[in-house]
Amino acid sequence: MDTRGAEEDWMRMQMPASTTIGGSGGKKKKKKKSSQNNGLREGSHTDAIMGLSWNTVHQQVLASGSADGTVKLWDVTQTTTGGKGGDYVRPSATLNHHTDKVQSLAWHPSEGTLLATGGYDRKICLVDARSAASSTGPSATADQSNVKKAKLLADCEAIAWDPHNPQYLTAASEDGVVQCWDVRKFGSEPVWSMVAHEYGGVSDICYNSQVPGMLVTCSIDKTVALWDIQNINGSSSPQPCGSKDMSVGKLYSVSCYPSSPWLLACGGSGSELAIWDMESEDAIQKRFASRVHGGTAATEGSLNDDGGEQDFEAIMAMGDKVATDKANAAMGKSKKKKGKKKNKAHKKK
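Reading the values: rules and limits
- Residues numbered from 1 in each chain as written.
- Predicted model: local features only at pLDDT ≥ 70, side-chain atom pairs only at ≥ 80, totals over all residues.
- Heavy atoms only, no water.
- Helix = DSSP H or I, 4+ residues; strand = E, 2+ residues; numbered from the N terminus.
- Contact = heavy atoms within 4.5 Å.
- Areas by Shrake-Rupley, 256 points an atom, 1.4 Å probe, with all protein chains shown as cover.
- pLDDT = per-residue confidence, 0-100.
- Buried < 20%, exposed > 50% of the residue type's maximum accessible area, 1.4 Å probe, protein only.
- Pairing = 2+ DSSP bridges.
- Axes fitted to C-alpha atoms, helices over the stretch in contact; angles between N-to-C directions.
- Salt bridge = Lys/Arg side-chain N within 4 Å of Asp/Glu carboxyl O.
- Core = buried A, V, L, I, M, F, W, Y, C linked by side-chain atoms within 4.5 Å.

1. Quick word on the overall build of the chain
The number of helices and strands found in the chain is five helices and 22 strands. Contacts in the chain between residues at least 24 apart in sequence constitute 51% of all its contacts with a sequence separation of at least 6. A total of about 18000 Å² of accessible surface is found on the chain, and carbon and sulfur atoms cover 47% of it.

Spelled out as structure tokens, the structure:
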């Protein structure tokens with residue numbers, strides 16, 4: 001049973017209309033505030049935010065990476081009264097395992113406590129968020145012994161989990177190299193490595209959730225490239241399957257359409273978006289069409305017995321198996337009650 005709509009409604013009810021995540025506390029006064037925080041609320045990032053990732057298992061948890069070198073974890077249902085500036089969300093934990101800008105981050109698609117991050121310190125890191133949840137408050141930090149690291153030869157630009165083989169984590173760097181690790185052996189040699197874009201580096205990567213083995217890269221050389229990563233062994237590399245100049249300038253972002261196997265979008269310096277319909281591309285169809293499946297079920301978040309999300313510390317301490325079992329039980333209970341009453345637990349009367 002798909003409960004995503006109900007969970008979204010419940011989360012909106014928990015957050016007042018004026019809720020903000022971090023940031024400043026309203027209009028600046030003429031009198032100078034403390035120079036230490038420059039008017040920012042407690043726990044806020046102190047520099048630009050470079051990346052965000054929602055947790056698909058614990059759906060109220062958001063991770064942010066910043067140019068200030070930190071990663072922050074936010075439970076968006078836990079608000080703090082902010083006076084004139086309105087209610088706001090403080091971070092549940094701050095992670096300091098990078099020594100330079102944090103460019104990209106991504107929660108594991110099914111292991112709700114595993115977070116991958118990549119930074120300009122030329123490191124890819126795996127963090128067990130339960131180590132951060134063991135201490136509370138905006139300054140809570142993860143136990144460094146629970147952070148695993150792999151080295152890159154250049155600054156990290158993007159990371160992505162393979163949705164069809166979730167033990168594989170892929171990272172792209174500004175020197176044009178894309179590498180993939182088996183996280184069960186993280187820190188050792190990558191499973192495969194390739195130069196995807198020789199001139200201009202790789203600015204973004206994504207996997208096609210509808211087509212196993214299809215990896216997409218884009219670059220400031222203005223092109224999108226497709227790669228076949230299926231059936232790679234230790235002596236082989238991803239197979240190039242074509243590229244296309246998208247005619248919208250240097251490319252900084254690419255994304256596959258989640259509900260169709262043959263559409264992808266990209267954008268960059270040309271101030272325009274471009275969409276590539278690959279259904280008419282004979283070479284692409286010949287290689288990938290037989291792999292297309294009907295789609296994957298969305299991962300449901302964990303629900304407590306009252307139909308609401310638990311707070312960050314509780315769900316991270318629970319672990320993924322217990323959270324999944326609890327979610328299944330709650331969804332089963334919700335299904336039995338369906339039709340008896342119009343009012344639901346997550347709605348206000």
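Following the structure, the description resumes.
2. Focus: the confidence of the model for the chain
Mean pLDDT for the chain: 79, with 67% of residues reaching 70 or above. Throughout residues 295–307 the model reports pLDDT below 50, and contacts reaching past four residues in sequence, or to other chains, amount to 41 contacts. pLDDT under 50 marks residues 334–349. Its contacts with residues more than four places away, or in other chains, come to 10 contacts.

3. A look at the environment of Val191
Mapped onto the secondary structure, Val191 falls in the loop between strand E14 (177–182) and strand E15 (192–195). Overall, Val191 belongs to the partly exposed group, its relative accessible area being 26%. Spatially, the C-alpha atom of Val191 lies 8.6 Å from that of Tyr168, the residues being 23 residues apart in sequence. Setting aside anything within four residues of it in sequence, one finds Val191 in contact with Tyr168, Cys180, Trp181, Asp182 and Asn233.

4. Describing the sheet that holds strand E7 (residues 93–95)
Taken in spatial order, the four strands of this open sheet run E2-E3-E4-E7, and their pairing is antiparallel. Of all the strands in the sheet, just strand E2 (49–54) and E7 have a single pairing partner and so form its edges. Within the sheet, the average angular offset between the axes of one strand and its neighbour, ignoring direction, is 20°. Note: E2 against strand E3 (residues 61–66), five bridges, orientation antiparallel. The residue bridging Leu52 from the neighbouring strand is Ser64, located in E3.

5. Some thoughts on the sheet that holds strand E17 (residues 214–218)
Two pairing modes exist for strands in a sheet, parallel and antiparallel, and in both the strands are linked by backbone hydrogen bonds. A sheet is described by the order of its strands in space; here four strands give the open sequence E16-E17-E18-E19, paired in antiparallel fashion. Of all the strands in the sheet, just strand E16 (204–207) and strand E19 (239–245) have a single pairing partner and so form its edges. Each strand axis lies, on average, 20° off the axis of its neighbour in the sheet, ignoring direction.

6. Some remarks on the environment of Gly242
Relative to the helices and strands, Gly242 is located in strand E19. The exposure class assigned to Gly242 is partly exposed, which follows from its relative accessible area of 35%. Distance from Gly242 to Ala283, taken between C-alpha atoms, is 8.2 Å for residues 41 residues apart in sequence. Once residues lying within four places of it in the same chain are set aside, the contact partners of Gly242 are Val224, Ala225 and Leu226.

7. What about the pattern of salt bridges?
Opposite charge on two side chains allows them to pair when their charged atoms are near. Across all of its chains, the model carries five salt bridges by this definition. As a salt-bridge pair, Asp182 and Arg184 come within 2.7 Å of each other at their nearest N and O atoms. Classification of Asp182 as buried rests on a relative accessible area of 9%. Classification of Arg184 as exposed rests on a relative accessible area of 61%. As a salt-bridge pair, Arg291 and Asp228 come within 2.6 Å of each other at their nearest N and O atoms. Residue Arg291 is found in the loop between helix H3 (282–288) and helix H4 (312–318), and its partner Asp228 is found in strand E18 (residues 223–228); the two are separated by 63 residues along the sequence.

8. A word on the pairing of E15
Burial along E15 is one-sided: the residues Trp192 and Met194 are buried and none of Ser193 and Val195 is. With four bridges connecting them, E14 and E15 associate as antiparallel partners. Each bridged residue has a counterpart across the sheet, and for Cys180 the counterpart in E15 is Trp192.

9. Observations regarding the environment of Pro238
Within the element layout of this structure, Pro238 appears in the loop between E18 and E19. Sequence separation between Pro238 and Trp227 is 11 residues, and the spatial gap between their C-alpha atoms is 5.9 Å.

10. Some details on the nonpolar core
Among the nonpolar cores identified, the biggest contains 21 residues, and Val216, Val224 and Leu264 are the most heavily contacted of them. When residues no more than four places from it in sequence are discounted, the contact partners of Leu264 are Val216, Val224, Leu226, Val254, Ser255, Cys256, Tyr257, Ala274, Ile275, Trp276 and Met278. Counting 16 residues, the second largest nonpolar core, distinct from the first, contains Ala160, Val178, Val202 and Ile205.

11. Things to note about unusual backbone geometry
Despite not being glycine, Arg122 shows a phi value in the positive range, around 65°. Secondary-structure assignment places Arg122 in the loop between strand E9 (114–119) and strand E10 (123–128). Despite not being glycine, Lys222 shows a phi value in the positive range, around 80°. Looking at the secondary structure, you find Lys222 in the loop between E17 and E18. A residue is classified by how much of its surface remains accessible, and Lys222, at 39% relative accessible area, is partly exposed.

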